[in-house]
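So the chains spell out like this:
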Amino acid sequence: MDIVRIPVPVASAPTGSTNAYVIGAEEALLVDPPSDSSALDVALERRTISHIAVTHHHPDHTGGVRAYAERTGATVWARYGRSSSFEAATDCTPDRTFRSGTTIPTSAGAVRVIETPGHAPEHCGFIAGSTMLVGDLAIQHGSVAVATPDGDLRAYLCSLRRLGLLAPELLYPGHGPTIDAPVETCHRLYTHRRDRDQQILSAVAAGATTVEAITDAVYDTEALELRALAEGTVRSHLQKLAVEGQLSWDGAVATA
Ligand SMILES: [Zn+2]
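Definitions and limits used
Residues numbered from 1 in each chain as written. Predicted model: local features only at pLDDT ≥ 70, side-chain atom pairs only at ≥ 80, totals over all residues. Helix = DSSP H or I, 4+ residues; strand = E, 2+ residues; numbered from the N terminus. Buried ≥ 20, exposed ≤ 12 C-beta atoms within 10 Å, placed from the backbone. Pairing = 2+ DSSP bridges. Axes fitted to C-alpha atoms, helices over the stretch in contact; angles between N-to-C directions. Contact = placed C-beta atoms within 7 Å. Arc of directions from axis to C-beta. Domains from an automatic or database assignment. Nonpolar A, V, L, I, M, F, W, Y, C, P; charged D, E, K, R; others polar. Parallel < 35°, antiparallel > 145°, perpendicular 65-115°, else oblique. Left-handed = near helix turned anticlockwise from the far one by under 90°.

Caption draft 1: The arrangement of unusual backbone geometry in detail. Looking along the chain, the bond that leaves Thr148 and enters Pro149 is cis, with omega of 5°. Within the fold, Pro149 resides in the loop between strand 10 (131–135) and helix 5 (153–166). Positive phi values are uncommon outside glycine, yet Arg46 reaches one of about 65°. Given 7 C-beta atoms within 10 Å, Arg46 falls into the exposed group.

Caption draft 2: Geometry of the environment of Ala252. For Ala252, the location among the structural elements is in the loop between strand 12 (248–249) and strand 13 (254–255). Of the residues examined, Ala252 has 8 C-beta atoms within 10 Å and is grouped as exposed. Sequence separation of Ala252 and Thr210 is 42 residues, and the distance between their C-alpha atoms is 6.2 Å.

Caption draft 3: Structural view of the sheet that holds strand 3 (residues 28–31). Reading across from one edge, 1-2-3-4-5-6 is the order of the six strands in this open sheet, with mixed pairing throughout. Either end of the sheet is taken by a strand with one partner, and the two such strands are strand 1 (3–9) and strand 6 (96–98). In this sheet, adjacent strand axes meet at a mean angle of 25° when their direction is disregarded. Inspection of the sheet shows strand 4 (residues 49–53) paired to strand 5 (residues 75–79) by two bridges, in the parallel sense. Opposite Ile52, over in strand 5, you have Val76 as the bridge partner. Where helix 3 (residues 65–72) meets the sheet, its contacts fall on strand 3, strand 4 and strand 5, and the angle it forms with strand 4 comes to roughly 160°.

Caption draft 4: Up close: the sheet that holds strand 8 (residues 111–115). Here we have five strands laid out as an open sheet, ordered 7-8-9-10-11, and mixed in their pairing. Each having just a single partner strand, strand 7 (103–104) and strand 11 (170–173) make up the two edges of the open sheet. Sheet topology places strand 7 next to strand 8; two bridges connect them, and they run antiparallel. Looking across to strand 8, one finds that Ile104 is bridged to Val111.

Caption draft 5: Seen up close, the pairing of strand 3. Side chains Ala28 and Leu30 project from strand 3 onto one buried face, and the interleaved Leu29 and Val31 project onto a second face that is buried too. Note that strand 2 (residues 17–23) and strand 3 share three bridges and pair antiparallel. Residue pairing in the sheet places Tyr21 in a bridge with Val31 of strand 3. Sheet topology note: the strand 3/strand 4 ladder contains four bridges and is parallel.

Caption draft 6: Spotlight on helix 7 (residues 211–218). Every buried residue of helix 7 is accounted for by Val211, Ile214 and Thr215. Projected onto a plane normal to the axis of helix 7, the buried residues spread over an arc of 100° and lie on a single side.

Caption draft 7: Region of interest: the domain arrangement of the protein. Taken as a whole, the protein is organised into domain 1 (3–180) and domain 2 (190–255). A C-alpha centroid distance of 29 Å is found between domain 1 and domain 2. Between domain 1 and domain 2, the residue contacts involve eleven residues of the former and twelve residues of the latter. Partitioning the side of domain 1 that touches domain 2 into residue classes produces six nonpolar, three polar and two charged.

Caption draft 8: Main features of the packing of helix 6 (residues 182–205) against helix 7. With their axes 9 Å apart at the nearest point, helix 6 and helix 7 run at an angle of 120° to one another. As far as their axial angle goes, helix 7 and helix 6 are oblique. Judged by the sense of rotation from one axis to the other, the crossing of helix 6 with helix 7 is right-handed. The residues of helix 7 that touch helix 6, namely those facing Gln199, Ile200, Ala203 and Val204, are Ile214, Ala217 and Val218. For the contact of helix 6 with helix 7, a count of residues per class yields six nonpolar, one polar and no charged.

Here you go:
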């Protein structure tokens, strides 16, 4: 399929940039425009954008939606049931909504939507031929954030399993390079979460009861913005472990 990855600099993004994608040429789908950017303008020359969609509503994936919607007159899509959150994120009213199985026509072929919640509740992927645009479901190096209040770790692991079973040939992530070993990457990300579960269970067993104490025991981060993310991640692990009956968690105190 004719898919172009355009890394656009975004100061707040995990890798310092967010990948926008364009699928097709005469009738193209633009996914995740992070800002009104010259890098994107160059890539869009000689292409006709007919559709605009995002994988999820975080600002590093939505910042350019309104500008490109106004400039191209494209059909703007949002996930079914999430239009108001989409509008709050983009300042743009969606024309149509999609859900799992919806297809978006492009000159390179139909692109199929698949709901992949976890990193964010409205998170979706886009299946294009034997490849998939995965947003912040997967990344080549390191791991993606699954932190409260947006993140749901059980939903995330479920989406990751589904992705592993679909086994596309290539993954196009929201940040960083294209992933050419999708199944191995899913396995690595899954194992990373399992390891973190075990570290948190050990910390609680050793007497850490609060998010702050557990974060101190499990992470070695001092930076304040990373600290907030680490604490949100610990919270989403605690919620999962409590549902599984592996510890008790009342929202403030964890006990083994
Ligand atoms: Zn995100």
